[in-house]
Amino acid sequence: MRERDLVGRAGRFVVEGEVTLRVLLSGRARFAAESILLAEERVAGLADAVAALPEAPPVYSASRAVMSAITGFPIHRGVLAIGLRGSEPAPDALVPPSPGRAILVGLVGLTNHDNVGGLFRNAAGLGADAVLLDGATCDPLYRKAIRVSAGTALTLPSARLPDADALLALAERHDLVPLALTPAGRETVSALPPLRRALLLLGAEGPGLPEPVIARCRALRIPMSAGVDSLNVATAGAIALHHLAGHHLATRDNPWQLSQP
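Since the structure is predicted, the reported quantities are computational estimates derived from the model, not experimental observations.

Undergrad: Describe in detail unusual backbone geometry, supporting the description with residues and values.
TA: With an omega of 10°, the peptide bond between S98 and P99 qualifies as cis. As for its position among the elements, P99 is in the loop between strand 4 (79-84) and strand 5 (102-108). Positive phi is not limited to glycine here, since D175 has a value of about 60°. Relative to the helices and strands, D175 resides in the loop between helix 6 (164-173) and strand 8 (177-181).

Next up, the structure:
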């Protein structure tokens, strides 16, 4: 079964590879596995992860030739699973209550699965509470996006809103400062004072965020060398998130400290 055949089919998605399968089975994931398909030589190495489950899903094994015939491509690394999406949380439910700390990421019009997966990984690693997606942003549960996210697309809370206007309305409801990352920003990220509550908006590479959206936000830029007008969106998002969440990460119970060389 090719992944595109799953689109719209009873809320299922594909997980590929040992790293992401272990995340799906770890208890940290927001989703459940419906079934697992392993190459014969991969069964023993993953038996511990399956055995640790209170109720293990069915596990099937086959030769790589049979797996490739089933999936339609030979790049599955001998580890596949079908996950169940379940019901999507309400976007407002993902925002920590005011006046407490809240750092959220909003994705507007991102259609590249590598960038979306990378942003989920960065958001999870740099202390964001959730990722919010507009209607034009691609599915973070697409197989490649999950793999690039190193499984964090399965653990970090996320929800979808219709458009950027809905993202900004949510920010207003929850006392979040809307930040727009753009090369034309009036302020630099490094000069931004500490914010306890913020929504960082990121747009697609090339067009970026729409001008009407930027006009309603605090526009930030990352200074760059002459002749280079922008960074990859996942990289830019990581730099901004590091600044937004750095103090929190350095002071919580975490072995990493900003003061280390």
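Okay, back to it.
Undergrad: Go over the sheet that holds strand 3 (residues 59-62), please, and point to the residues and values.
TA: Strands sit in the order 1-4-2-3 across an open sheet of four strands; the sheet is mixed. Each end of this open sheet is capped by a strand with a single partner; those strands are strand 1 (12-16) and strand 3. Across the sheet, the mean angle from the axis of one strand to that of its neighbour is 20°, orientation sign disregarded. Summarising the sheet, strand 2 (residues 32-39) and strand 4 pair through six bridges and their orientation is antiparallel. Within strand 4, the position partnered with A32 by the bridge is L84. Contacts from helix 2 (residues 43-51) reach strand 2, strand 3 and strand 4, with the element oriented near 160° to strand 2. Helix 3 (residues 64-71) rests against strand 2, strand 3 and strand 4 of the sheet, and its axis sits at about 135° to strand 2.

Undergrad: Lay out helix 2 with the relevant residues and their values.
TA: Considered for burial, the residues of helix 2 that qualify are L46, A49 and V50. Here the buried residues of helix 2 occupy an arc of 95° about the axis, which is enough to place them on one side. Opposite the buried face of helix 2, at more than 90 degrees from it, the exposed residues are A44 and A51. Packing partners of the buried residues in helix 2 comprise helix 1 (18-24), strand 2, strand 3 and strand 4.

Undergrad: Outline the sheet that holds strand 10 (residues 197-203), supporting the account with residue identities and numerical values.
TA: Strand order in this open sheet of seven strands is 7-6-5-10-8-11-9, and the pairing throughout is parallel. Of all strands in the sheet, those bounded by a partner on one side alone are strand 7 (158-160) and strand 9 (187-188). As paired elements, strand 5 and strand 6 (residues 130-133) share four bridges and run parallel to each other. Considered in strand 6, the bridge of L104 is made with A130. Relative to strand 10, helix 6 is tilted by about 170°, and along the sheet it contacts strand 5, strand 6, strand 8 and strand 10.

Undergrad: Talk me through the packing of aromatic side chains; I want residue IDs and the actual numbers.
TA: Evaluation of the coordinates by the stated rule reveals one aromatic pair. Ring centres 5.4 Å apart and planes at 75° place the aromatic pair F13 and F31 in the edge-to-face group. In this pair, F13 is assigned in strand 1 and F31 in the loop between helix 1 and strand 2, connecting sequence segments 18 residues apart. The exposure class assigned to F13 is buried, which follows from its relative accessible area of 2%.

Undergrad: So what about the nonpolar core? Which residues, and what values?
TA: L21, L24, L107, L154 and L181 are the most contacted members of the largest nonpolar core, which has 52 residues in total. If one sorts the elements of this core by residue count, helix 8 (residues 233-251) sits on top with seven residues. Residues contacting L154, with those up to four places away along its chain left out, are F13, V15, T20, V23, L24, R28, A29, R30, F31, L141 and I146. With 24 residues, the next largest nonpolar core counts V108, A159, A166 and L176 among its residues.

Criteria and cut-off values
Residues numbered from 1 in each chain as written. Predicted model: local features only at pLDDT ≥ 70, side-chain atom pairs only at ≥ 80, totals over all residues. Heavy atoms only, no water. Helix = DSSP H or I, 4+ residues; strand = E, 2+ residues; numbered from the N terminus. Pairing = 2+ DSSP bridges. Axes fitted to C-alpha atoms, helices over the stretch in contact; angles between N-to-C directions. Contact = heavy atoms within 4.5 Å. Buried < 20%, exposed > 50% of the residue type's maximum accessible area, 1.4 Å probe, protein only. Arc of directions from axis to C-beta. Phe/Tyr/Trp six-rings, centres within 6.5 Å; stacked < 30°, edge-to-face > 60°. Core = buried A, V, L, I, M, F, W, Y, C linked by side-chain atoms within 4.5 Å.

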